[in-house]
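Understanding the architecture of this molecule
Take a look at the letters that make up each chain.
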Amino acid sequence: MMRNDLSSSFEHPKFKELLAKYENMVRENTSTYFESNELTQIAEYYASKNMIAESEQAIAYAFKLHPNDLDVMIYCCHNLIAKGKYDQAEKALELLPDQQDSEVLFLRATLWVEQGKIKAAEEIFTKMVEDEEDEEERVETLLDIADVYMETNHKEHAYKWLKKAYKANSENRETWQFLASCHFDLGNIEKSVYYTNRLLDDNPYDIIHWINLSRCYLQLENTEKAVESIEFALAIEPDNPMAIEIKGLCYVQNENLQKAIECFHKIEETHPYKGQIWQVLAECYISIQDYEKAIRYLNLIINKTQLSDLEWGVTLQRRATCYLFTNQLELSKKDIDDALKHDSEYAQLYLTLAEYYIRIKDIDKARTEIAYAEALAIDKGEIIEETAKMLFRNALIKDALLFFKRLEQEYPLLVKSCYFSIAYCYYILNNQEQMIRAIIKGTIQQPDLLERAATNGLMDSTSQDFIRIGLKIKHMMENGELNNLEDFQD
């Protein structure tokens, strides 16, 4: 989460001046002298913005000015490792002049971590720390090692080295920053809050720390504190795109999707990762059932971003769903077929295919695809829930009820938001006793859900009678008038 935000040095006035000088040189097509470390920093800046061509141009210029500079050569090796070109990185490493140089050794250990050779890398890292006599430099080395493990998603290994850094100097601010990030990634959100608050005590005007604190509270589903934290960030920098994005996510968590959409539209053009914003906008529009706008943003993702096979599968599945809901069945089927070519193991795709078959009245094929979706599902509870809801919205009441019952028996924590749908199934099946029981459970679990159902509607005009009954039962419960099922008389 947070380590990528440590590039606050890019916001420093000296770096901005350096960048302006470099970009003016490029714009004017002239030649200006830069130190090698200045050009590698510029290259890192462009890489952080996903401006790959500009990053490579900066390094090419660095090579032109400093053809044998170790910093530039090491940067290029790092770049090859980051791109997964391990064989080329190995060859480039062998060409470096001083194989015992600490940076070269560190780079080799980094390559080994990337290749999963953790034991060999640990030997180099351990020796580097032991050989470092200066206490401050030792802490920096420990943090560099932790950073390698953080970047390669070896969080537990990172934490091991961070504990050593903290033991060596518990007042080092960068160590707090690493610990906040590592604990966030490990799911220890309360500990992440602790270290982020320490950072804010030290520097209450650092917008990145406020943004990270808000992210923590979002993870804890404490929207009130998340909003409070992000408002501090926006007070420091009202137009900060990251802060506006987090505020939008706060609105999403509060289910105020119109306000969330407003936030995301504000930063749609300026956000460095537009695909990320298009994705969240598409999901917001799907949630408010504005499928045409959702399709528009999904088209942008498909046409203007680079996607992995997994991302292709997910994005095409979302668009296929939107096409289903706008009755564009041929386009939906085409997206499903294309998505299966990218990711044939994606369980949700088969559920979407099942809904397609339901729409064309081939229920037997739909049931086959439902079974296949469940067989492939990593999270079976989620698939059972989605299946129940899919069958429910397609008015296959008996089938839906079977899955709702399974959800209640096998995944009771997931069924809380489904009780009014279950009650509606019993209403359609004219089972009043089970309907009342489900309404009571739903009212206890989520007391405001029925009012929202009354606003949004359920399936058809008969739902109004069901809502009237549900609200009557809720009113009787709130007033202590419903002690037994027999107390209710429709």
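Residues numbered from 1 in each chain as written. Predicted model: local features only at pLDDT ≥ 70, side-chain atom pairs only at ≥ 80, totals over all residues. Heavy atoms only, no water.

Under the annotation held in an unreviewed UniProt entry, the chain carries the name Tetratricopeptide repeat protein and is attributed to Phocaeicola faecium.

Some details on the UniProt feature "repeat: TPR" (unreviewed entry) in the chain
Summarizing the sequence annotation, UniProt attributes the feature "repeat: TPR" (unreviewed entry) to residues 207-240 and 241-274 in the numbering used throughout. Along residues 207-240 the backbone is 79% helical and 0% strand, and the end-to-end C-alpha distance reaches 9 Å. As annotated, residues 241-274 comprises 71% helix and 0% strand, and the C-alpha atoms at either end are separated by 11 Å. (UniProt positions renumbered as here; feature names shortened; annotations may be inferred. Helix = DSSP H or I, 4+ residues; strand = E, 2+ residues; numbered from the N terminus.)

Some thoughts on the side chain of Thr-141
Structurally, Thr-141 is set in helix 8 (residues 135-151). Using a relative accessible area of 12% as the deciding quantity, one classes Thr-141 as buried. In contact with Thr-141, other than residues within four places in its own chain, are Met-128, Val-129 and Glu-132. (Buried < 20%, exposed > 50% of the residue type's maximum accessible area, 1.4 Å probe, protein only. Contact = heavy atoms within 4.5 Å.)

Here's the deal with helix 6 (residues 102-114)
With 13 residues, helix 6 extends 18 Å from end C-alpha to end C-alpha; this agrees with the ideal 18 Å at 1.5 Å per step. Its buried side turned inward, helix 6 meets helix 4 (70-82), helix 5 (86-95), helix 7 (118-131) and helix 8. (Expected span 1.5 Å × (residues − 1).)

Remarks on the nonpolar core
Note that soluble globular proteins tend to have their nonpolar side chains buried in a common cluster. Ranked by internal contacts, the top residues of the largest apolar core, which has 53 residues, are Phe-404, Ile-422 and Met-435. Broken down by element, this core gets its largest block of residues, nine residues, from helix 20 (residues 347-359). Beyond its immediate sequence surroundings of up to four residues, Ile-422 is in contact with Leu-401, Phe-404, Val-415 and Ala-438. (Core = buried A, V, L, I, M, F, W, Y, C linked by side-chain atoms within 4.5 Å.)

Overview of a negative patch on the surface
Where like charges cluster on the molecular surface, the negative patch consists of Glu-133, Asp-134, Glu-136 and Glu-137. Along the chain, the position of Glu-136 falls in helix 8. (Patch = residues over 30% accessible without salt bridge, like charges linked within 9 Å, V, L, I, M, F, W, Y side chains within 5 Å. Areas by Shrake-Rupley, 256 points an atom, 1.4 Å probe, with all protein chains shown as cover. Salt bridge = Lys/Arg side-chain N within 4 Å of Asp/Glu carboxyl O. Lys, Arg positive; Asp, Glu negative; His and termini not counted. Charge placed at Lys NZ, Arg CZ, Asp CG, Glu CD.)

Some thoughts on the packing of helix 6 against helix 7
When two helices pack together, their arrangement is captured by the angle between the axes and the distance separating the axes. With their axes 8 Å apart at the nearest point, helix 6 and helix 7 run at an angle of 155 degrees to one another. Here helix 6 lies roughly antiparallel to helix 7, going by the angle between them. At the point where helix 6 passes helix 7, the crossing takes the left-handed sense. The residues of helix 7 that touch helix 6, namely those facing Ser-102, Leu-105, Phe-106, Ala-109, Thr-110, Trp-112 and Val-113, are Ile-118, Ala-120, Ala-121, Ile-124, Phe-125 and Met-128. (Axes fitted to C-alpha atoms, helices over the stretch in contact; angles between N-to-C directions. Parallel < 35°, antiparallel > 145°, perpendicular 65-115°, else oblique. Left-handed = near helix turned anticlockwise from the far one by under 90°.)

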